[in-house]
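# Architecture at a glance
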Amino acid sequence: MTTLAIEAPGGPPAPRRILTALAALARARLVQFLAIGAAIFLAAPRPRDDHRIEISAAELAIVHAAQAARDGTGALDPAKAAEVTARVLEDRMLFREGVRMGLDQGDPIIELRVVQKVLLLAEGLGGATREPTTAELRAACDRDAARYRQPPRYHVMHVFAARRESLPAADGLDPAALPAAGAPFPLPRETRATADELRRSYGAGFADAVVQLAPSTRYSEPIASSFGWHRVRLVDVAPGGALPFEAVQRQIAFDLVLQRRQDAIRRFLDAAAARDELVVAGTRLARFEPPMRVARHEIASGED
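The text that follows walks through the structure, step by step, so that each part is easy to find. (Residues numbered from 1 in each chain as written. Predicted model: local features only at pLDDT ≥ 70, side-chain atom pairs only at ≥ 80, totals over all residues. Heavy atoms only, no water.)

## Topic: the packing of helix α4 (residues 108-125) against helix α8 (residues 245-275)
Where α4 meets α8, the axes come as close as 8 Å, and the angle between the chain directions of the two elements is 105°. Our classification of the angle between α4 and α8 gives roughly perpendicular. Counting all contacts with α4, which are made through V118, L119, A122 and E123, the residues of α8 involved are R261, A264, I265 and F268. Across the contact of α4 with α8, the residue classes break down as six nonpolar, no polar and two charged. (Axes fitted to C-alpha atoms, helices over the stretch in contact; angles between N-to-C directions. Helix = DSSP H or I, 4+ residues; strand = E, 2+ residues; numbered from the N terminus. Parallel < 35°, antiparallel > 145°, perpendicular 65-115°, else oblique. Contact = heavy atoms within 4.5 Å. Nonpolar A, V, L, I, M, F, W, Y, C, P; charged D, E, K, R; others polar.)

Encoded structure:
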């Protein structure tokens, strides 16, 4: 059977021309693909070299300074500096080998450390650690003025007994002087304190009872505390009032930064919970309510 090749004027047969064109196109596409791939490869960040352990000069300076501070010296001598550097490298090598062997998996200590790093990251991303300005502090003071008032102080005299029936009678107690009656007591028999201070020292029931008393020259009916029983005379009450801004400025700054840190972490956790499916004891949670939490800083702040 004879095949006739139809030639175009001045060129090869049509099928050969088509194959030649397709081959040229393929070569062009391949070149384009390789060029694009090379560009992506050059622009992409290099993967970490698992066989490279590098300690930067800045990191090493921090480690050396920390060791010098622990040693109580201004700077490390060359031998000590070399020892500290070797220990840093040794720790990195051991940690890398441990990760390579999977020893970091299921370790609660490592998990806790990672959690703390994420909490720090959440606070930083949320701008929570920024120092408040004076204007922000004054605005917070105005917004929550009742919180930063001096509370009333209660001038209290009392006698103590471990059992209610051992208390001396109220009529036998001299209102003009601190009575010597009653059992020995570890705290002063006369005090000036706020309700919160009384609550911390004697218990909530005692503090609540004192607040209900009116100033008098007569001792009260028996009042229970976390120690035992008391008869109390409320001498007077110094009323509370507004404090100067300068007196509460540090407390306001403490409260404001703490609230910012809690809010930043809550926003971070809300976003994470929206991405994840949370299942507890086989039940999918419809909503996650994170508890109040802040990161633990290496140099502990007042909020930690």
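## Notes on the environment of A61
Structurally, the position occupied by A61 is in helix α2 (residues 57-71). Residue classification places A61 among the partly exposed residues on the basis of a relative accessible area of 44%. Measuring from C-alpha to C-alpha, the distance between A61 and T85 comes to 9.8 Å, with 24 residues separating the pair along the chain. (Buried < 20%, exposed > 50% of the residue type's maximum accessible area, 1.4 Å probe, protein only.)

## Considerations on the sheet that holds strand β5 (residues 229-238)
Across the sheet, four strands lie side by side as β3-β2-β5-β4; this open sheet has antiparallel pairing. The strands lining the two open edges of the sheet, one partner per strand, are β3 (190-193) and β4 (223-224). Of the strand pairs in this sheet, strand β2 (residues 153-161) and β3 are connected by four bridges, and their pairing is antiparallel. Paired with M157 across the bridge in β3 is E190. On top of the sheet, helix α6 (residues 195-202) reaches β2, β3 and β5; it is set at about 130° to β3, its chief contact. (Pairing = 2+ DSSP bridges.)

## Examining the environment of T191
By the secondary structure assignment, T191 is in strand β3. Residues T191 and R153, 38 residues apart in the sequence, show an inter-C-alpha distance of 9.6 Å. Aside from chain neighbours lying at most four places away, what touches T191 is Y154, H155, V156, L198 and Y202.

## What about the packing of α2 against helix α3 (residues 78-100)?
Where α2 contacts α3, the axes come no closer than 10 Å and their chain directions differ by 120°. Considering their axes alone, α2 and α3 lie oblique with respect to each other. By crossing handedness, the relation of α2 to α3 is classed as right-handed. The segment α2 lies against α3, with E59, L60, V63, H64, Q67 and D71 engaging K80, A81, V84, T85, V88 and R92. Among the residues making up the contact of α2 with α3, the classes are represented as five nonpolar, three polar and four charged. (Left-handed = near helix turned anticlockwise from the far one by under 90°.)

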